[in-house]
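Here's the letter readout for the chains.
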Amino acid sequence: MRKICFIILTVFAFCCNQKDHKKEQIIFNRIEFVYQLKQYLDEKTWKTFNEKEYDLPLIYFTYSGSYIANPTNAFLQTFESDLVFENSKIKIYKSKSRVDDLPFHMETSITLGDSSNDYNYHSPFMNCSSYEEVHKVIPVVLSTEQWATMVIHEYFHGFQYKHKPFLDFYEKEITYMHEDSLHTIYKSNAWFKASIDKENQLVLNAIHEKDSVNRQSMIRDFFTLRNDRRQKVANELKTDISKYEKCYETIEGTARYVEYALYHLFSTQPDDQLLKSDPSFKSFEKFRHYNIEKDHWLYLTEKTKYFYAIGFNMARLLDKLNIEYKSKLFQQEPTSLEDILKESQKAR
Ligand SMILES: [Zn+2]
């Protein structure tokens with residue numbers, strides 16, 4: 001009898017091991033998939049996104065543990081970790097204890113300000129909860145592929161921080177006003193909202209306008225409205241929001257831009273082999289006839305935080321005008337999408 005129990009226990013332990021192994025393999029596949037997406041975006045959408053000098057570690061949180069892709073030495077000195085996966089591009093470690101107790105992650109973290117020994121001082125880390133944990137908090141996230149678009153958005157913020165001139169500017173000039181303050185101004189001042197919504201509509205109209213003279217007049221009207229609104233903010237709210245607005249439009253607009261680029265990838269690619277064994281992967285099929293018009297949250301100021309939408313639309317307008325901006329942003333301070341659009345008007 002004892003022998004049978006032992007055999008049963010051994011079989012049970014073997015099954016558990018197999019199950020854990022399978023679960024871990026899904027985690028490695030998802031992380032590899034995210035790195036593949038970065039490579040794709042580097043080739044098709046934003047050159048340098050996947051360059052080594054702009055790469056940052058990714059921490060993947062499960063309910064009970066954390067896995068870290070390509071950690072820094074400072075991280076490994078802070079958190080005892082074991083190497084659990086390796087290929088030519090990625091080394092994944094598992095930390096002995098979870099990196100923190102927070103139940104939800106989908107952000108790039110970085111410690112700024114006075115010098116500190118924090119592992120992420122001036123060194124961004126992409127933090128994401130697993131698909132399963134994200135789905136619990138945001139039930140509308142229904143698949144691994146949808147989860148991956150969120151991860152890439154946040155990853156792009158890390159890419160922005162990896163540009164030293166931009167990080168210096170952001171730390172010295174921008175951290176005084178959180179982006180939510182701009183959102184609050186939008187929500188609590190009808191005149192501000194009315195102007196922003198109109199500004200955004202002018203950018204959208206300019207994207208779709210075929211006649212170049214009409215388009216130029218829309219862009220001029222856009223700048224007139226902006227200047228008047230910012231003047232009113234300075235007079236009535238006693239604050240100059242220009243540099244914050246330009247910066248948040250640029251960082252959120254471009255992160256949304258790369259996120260949106262994935263919809264095109266998914267609409268043209270066969271289902272990814274890496275995700276075949278992932279029970280949360282649905283299919284790229286539903287992206288086949290993707291139509292941005294239906295995704296109001298991407299481009300309408302009323303359906304999102306306004307600077308995400310206007311920034312995203314300004315990037316698309318610059319594409320339409322064939323104005324190069326990707327190599328200029330984050331390289332030297334303080335360049336913004338708006339500055340580049342304005343500059344292009346002077347040159348006309
Ligand atoms: Zn963002």
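Residues numbered from 1 in each chain as written. Predicted model: local features only at pLDDT ≥ 70, side-chain atom pairs only at ≥ 80, totals over all residues.

As annotated in an unreviewed UniProt entry, the chain is Aminopeptidase from Polluticaenibacter yanchengensis.

A few words now on the pairing of strand 1 (residues 58-61). Along strand 1, one buried face is formed by L58 and Y60 and the opposite face, lined by I59 and F61, is buried too. Pairing of strand 1 with strand 2 (residues 66-69) involves 4 bridges; the strand directions are antiparallel. Across the sheet, residue L58 finds its bridge partner in strand 2, namely A69. Taking the residues that link successive antiparallel strands as the turn, the strand 1-strand 2 hairpin has 4 residues. Here 4 bridges tie strand 1 to strand 6 (residues 125-129), and the two strands are oriented parallel to one another. Each bridged residue has a counterpart across the sheet, and for Y60 the counterpart in strand 6 is C128. (Buried ≥ 20, exposed ≤ 12 C-beta atoms within 10 Å, placed from the backbone. Helix = DSSP H or I, 4+ residues; strand = E, 2+ residues; numbered from the N terminus. Pairing = 2+ DSSP bridges.)

Looking now at the domain arrangement of the chain. Domain boundaries in the chain define domain 1 (23-163) and domain 2 (168-346). Taking only C-alpha atoms, the centre of domain 1 and the centre of domain 2 are 25 Å apart. Counting from both sides, the interface comprises 24 residues of domain 1 and, opposite them, 24 residues of domain 2. Elements with a minimum of two residues in the side of domain 1 that touches domain 2: helix 1 (2-44) and helix 4 (144-161). A per-element tally of the side of domain 1 that touches domain 2 places helix 1 first, with 9 residues. Class assignment of the residues belonging to the side of domain 1 that touches domain 2 gives a composition of 10 nonpolar, 9 polar and 5 charged. (Domains from an automatic or database assignment. Contact = placed C-beta atoms within 7 Å. Nonpolar A, V, L, I, M, F, W, Y, C, P; charged D, E, K, R; others polar.)

Here we come to the packing of helix 9 (residues 242-268) against helix 12 (residues 337-346). For the pair helix 9 and helix 12, interaxial distance at closest approach is 7 Å and the crossing angle is 105°. It follows from the interaxial angle that helix 9 and helix 12 lie roughly perpendicular. Across the interface between the two elements, K246, E249, T250 and G253 of helix 9 pack against L337, E338 and D339 of helix 12. Of the residues contributing to the contact of helix 9 with helix 12, the split by class is 1 nonpolar, 2 polar and 4 charged. (Axes fitted to C-alpha atoms, helices over the stretch in contact; angles between N-to-C directions. Parallel < 35°, antiparallel > 145°, perpendicular 65-115°, else oblique.)

Moving on, we get to the pairing of strand 6. With 5 of 5 residues buried, strand 6 is to be regarded as a mostly interior element. Alternating positions in strand 6 separate into two faces, F125, N127 and S129 on one and M126 and C128 on the other, with burial throughout. Pairing between strand 5 (residues 106-109) and strand 6: 4 bridges, direction antiparallel. Of the residues in strand 6, the one forming a bridge with T108 is M126.

The subject of this paragraph is the sheet that holds strand 5. What the 6 strands build is an open sheet, ordered 3-4-2-1-6-5; its pairing is mixed. Edge positions in the sheet fall to strand 3 (81-86) and strand 5, since each of these pairs with one other strand and no more. On average, adjacent strands in this sheet sit at an angle of 25° to one another, irrespective of strand direction. With respect to the sheet, helix 4 is in contact with strand 5 and strand 6, its orientation differing from that of strand 5 by roughly 10°.

Take the nonpolar core next. If you look at the biggest cluster of nonpolar residues, it comprises 72 residues, and the most contacted ones within it are V34, L58, I59, Y60 and I152. Looking at this core, the element that brings in the most residues is helix 9, giving 10 residues. In this structure, this core is formed jointly by two domains, domain 1 (23-163) and domain 2 (168-346), each of which donates at least three residues. Here V34 is in contact with L58, A148, V151 and I152, once residues within four sequence places are set aside. (Core = buried A, V, L, I, M, F, W, Y, C linked by C-beta atoms within 7 Å.)

With respect to the helices and strands, the residue R215 is situated in helix 8 (residues 212-236). Judged by the 18 C-beta atoms lying within 10 Å of it, R215 is partly exposed. Sequence separation between R215 and L202 is 13 residues, and the spatial gap between their C-alpha atoms is 9.0 Å. The residues contacting R215, other than those within four sequence positions of it, are A206 and E209.

So, about the confidence of the model for the chain. Summary statistics for the chain give a mean pLDDT of 92 and a share of 94% for residues scoring 70 or more. Low pLDDT, under 50, characterises residues 4-14; the predicted model gives this stretch 0 contacts beyond four residues in sequence or across chains. (pLDDT = per-residue confidence, 0-100.)

This part covers the environment of A206. Mapping A206 onto the fold places it in helix 7 (residues 190-208). As for A206 and S280, which are separated by 74 residues in sequence, their C-alpha atoms are 39 Å apart. Those residues in contact with A206, other than ones at most four positions away along the chain, are R215, M218, I219 and L317.

Attention shifts here to the packing of helix 7 against helix 11 (residues 306-320). Think of two packed helices as two axes; the pair is described by the angle between the axes and how far apart they sit. As a packed pair, helix 7 and helix 11 sit with axes 9 Å apart at the nearest point and diverge in direction by 25°. Relative to helix 11, helix 7 is oriented roughly parallel. Here helix 7 and helix 11 pass one another in a crossing that is left-handed. From helix 7, I196, E199, N200, V203, L204, A206 and I207 reach across to helix 11, where they touch Y306, A309, I310, N313, M314, R316, L317 and K320. A class-by-class count of the residues in the contact of helix 7 with helix 11 yields 10 nonpolar, 2 polar and 3 charged. (Left-handed = near helix turned anticlockwise from the far one by under 90°.)

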